[in-house]
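Geometric and topological summary
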Amino acid sequence: METDVGVSTSEEANGSAAKKKPTVVFVLGGPGSGKGTQCAYIVEHFGFTHFSAGDLLRGEIDSGSENGLMIKSMMNEGKIVPSEVTVKLLQKAMEESGNEKFLIDGFPRNDENRAAFAAVTGIEPAFVLFFDCPEEEMERRILNRNQGRDDDNIETIRKRFKVFLQSSLPVVQYYESIGKVHKIDAARPVEEVFESVKAVFTSINEKDD
Ligand SMILES: Nc1ncnc2c1ncn2[C@@H]1O[C@H](COP(=O)(O)OP(=O)(O)OP(=O)(O)O)[C@@H](O)[C@H]1O
Ligand SMILES: O=c1ccn([C@@H]2O[C@H](COP(=O)(O)O)[C@@H](O)[C@H]2O)c(=O)[nH]1
Ligand SMILES: [Mg+2]
């Protein structure tokens, strides 16, 4: 089943043709909180295209691009790759997708990411989904994930948690301060978490009608 979530429309300054701006939802939460898992369900039910910033960066490493080695070493340390690189990858992915509704998963990770995305694309998120999960549960999930990710080792996981608390949570708090966050208790079974997620998207569809 696919349900529609509205696409915002804005007039050009000269009043000519209306220009559609994509609808962007930022999907945030600590490492292993279940962002990717839930995004797959949202895509299926609500017709969004999902871009994981981490997956796009891993794609750059695999493609052998000139930034690949820098990205790889930053990821292995759990550090945040410069905004310029990530925003460019997200912008290209959105432009090439043919869709107008995007889930951007795992980005923005710090305030600089947030500002750079807004400045380069001119897009502000419609809202932010925040998956709230205790660290012990996230650690358990990542250690059981078995997807062969180089950064899924206990040393890097701990670094990722630290960066999340120091740099990424303030971004969530910023969006909370402007009333854009839908906080989801992510420490429940996948299906229960999705029930809460579904309620958010459904209520937004109803408001747009
Ligand atoms: N609600 C849940 N309960 C138990 N396990 C879950 C739940 N959601 C996801 N998982 C599992 O936990 C692991 C991490 O999930 P996922 O990859 O979706 O997290 P993530 O937030 O995208 O992580 P990362 O930030 O590291 O990319 C996966 O193995 C997934 O199958
Ligand atoms: O916007 C981003 C997203 C990710 N990173 C780096 O990638 C890893 C893994 O990210 P996941 O979201 O867990 O797939 C992350 O620890 C960062 O090193 C980034 O720099 N910027
Ligand atoms: Mg993920």
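In this text the structure is predicted, and so the values were computed from the model without any measurement.

Attention now goes to the site of ligand 1. Neighbouring ligand 1 are 15 residues; Lys 35, Thr 37, Arg 145, Arg 160 and Arg 188 lie closest to it. Contact distances for ligand 1 include 3.0 Å between an oxygen atom and a backbone N or O atom of Gly 32. Separating an oxygen atom of ligand 1 from a side-chain N or O atom of Thr 37 is a distance of 2.6 Å. With the chains in place, 77% of the 630 Å² that ligand 1 exposes on its own is no longer accessible. With three residues, helix 1 (residues 35-46) is the largest single contributor of residues to the shell around ligand 1. For the shell around ligand 1, the per-class residue count stands at three nonpolar, six polar and six charged.

A few words now on the pairing of strand 6 (residues 127-132). With five of its six residues buried, strand 6 lies for the most part within the structure. Note that strand 3 (residues 23-29) and strand 6 share five bridges and pair parallel. What sits directly across from Val 25, in strand 6, is Phe 127.

So, on to the packing of aromatic side chains. Inspection of every chain in the model, using the stated rule, returns 10 aromatic pairs. Look at Phe 48 and Phe 201: their rings are 5.4 Å apart centre to centre, the planes differ by 80°, and that puts the pair in the edge-to-face class. Highlighted residues: Phe 48 in the loop between helix 1 and strand 4 (49-52) and Phe 201 in helix 8 (residues 190-208), separated in sequence by 153 residues. Ring centres 5.1 Å apart and planes at 65° place the aromatic pair Tyr 174 and Tyr 175 in the edge-to-face group.

Under the present numbering, the feature "binding site: a ribonucleoside 5'-phosphate" (unreviewed entry) in UniProt falls on Arg 58, Lys 79, Ile 80, Val 81, Gly 106, Phe 107, Pro 108, Arg 109, Arg 149 and Arg 160. Following the sequence through the fold, Ile 80 ends up in the loop between helix 3 (68-76) and helix 4 (83-97). Residues within four places of Ile 80 in sequence aside, it is in contact with Met 74, Arg 109, Asn 110, Asn 113, Val 163 and Ser 167. You can see Phe 107 is positioned in the loop between strand 5 (101-105) and helix 5 (111-121).

So, on to the sheet that holds strand 5. Read from one edge of the open sheet, five strands run 4-5-3-6-7, paired in parallel fashion. Whereas interior strands pair on both sides, the edge strands pair on one side only; in this sheet they are strand 4 and strand 7 (181-185). When strand polarity is set aside, the average angle formed by the axes of neighbouring strands in this sheet is 20°. Sheet topology note: the strand 3/strand 5 ladder contains five bridges and is parallel. Note on strand 5: the bridge partner recorded for Val 24 is Phe 102. Strand contacts of helix 8: strand 3, strand 5, strand 6 and strand 7, with the helix running at about 165° to strand 6, the strand carrying the most contacts.

Calculation rules
Residues numbered from 1 in each chain as written. Chains lettered and ligands numbered in written order. Predicted model: local features only at pLDDT ≥ 70, side-chain atom pairs only at ≥ 80, totals over all residues. Heavy atoms only, no water. Near = heavy atom within 4 Å. Polar contact = N/O pair within 3.5 Å; in protein donor to acceptor, adjacent residues only side chain to side chain. Areas by Shrake-Rupley, 256 points an atom, 1.4 Å probe, with all protein chains shown as cover. Helix = DSSP H or I, 4+ residues; strand = E, 2+ residues; numbered from the N terminus. Nonpolar A, V, L, I, M, F, W, Y, C, P; charged D, E, K, R; others polar. Buried < 20%, exposed > 50% of the residue type's maximum accessible area, 1.4 Å probe, protein only. Pairing = 2+ DSSP bridges. Phe/Tyr/Trp six-rings, centres within 6.5 Å; stacked < 30°, edge-to-face > 60°. UniProt positions renumbered as here; feature names shortened; annotations may be inferred. Contact = heavy atoms within 4.5 Å. Axes fitted to C-alpha atoms, helices over the stretch in contact; angles between N-to-C directions.

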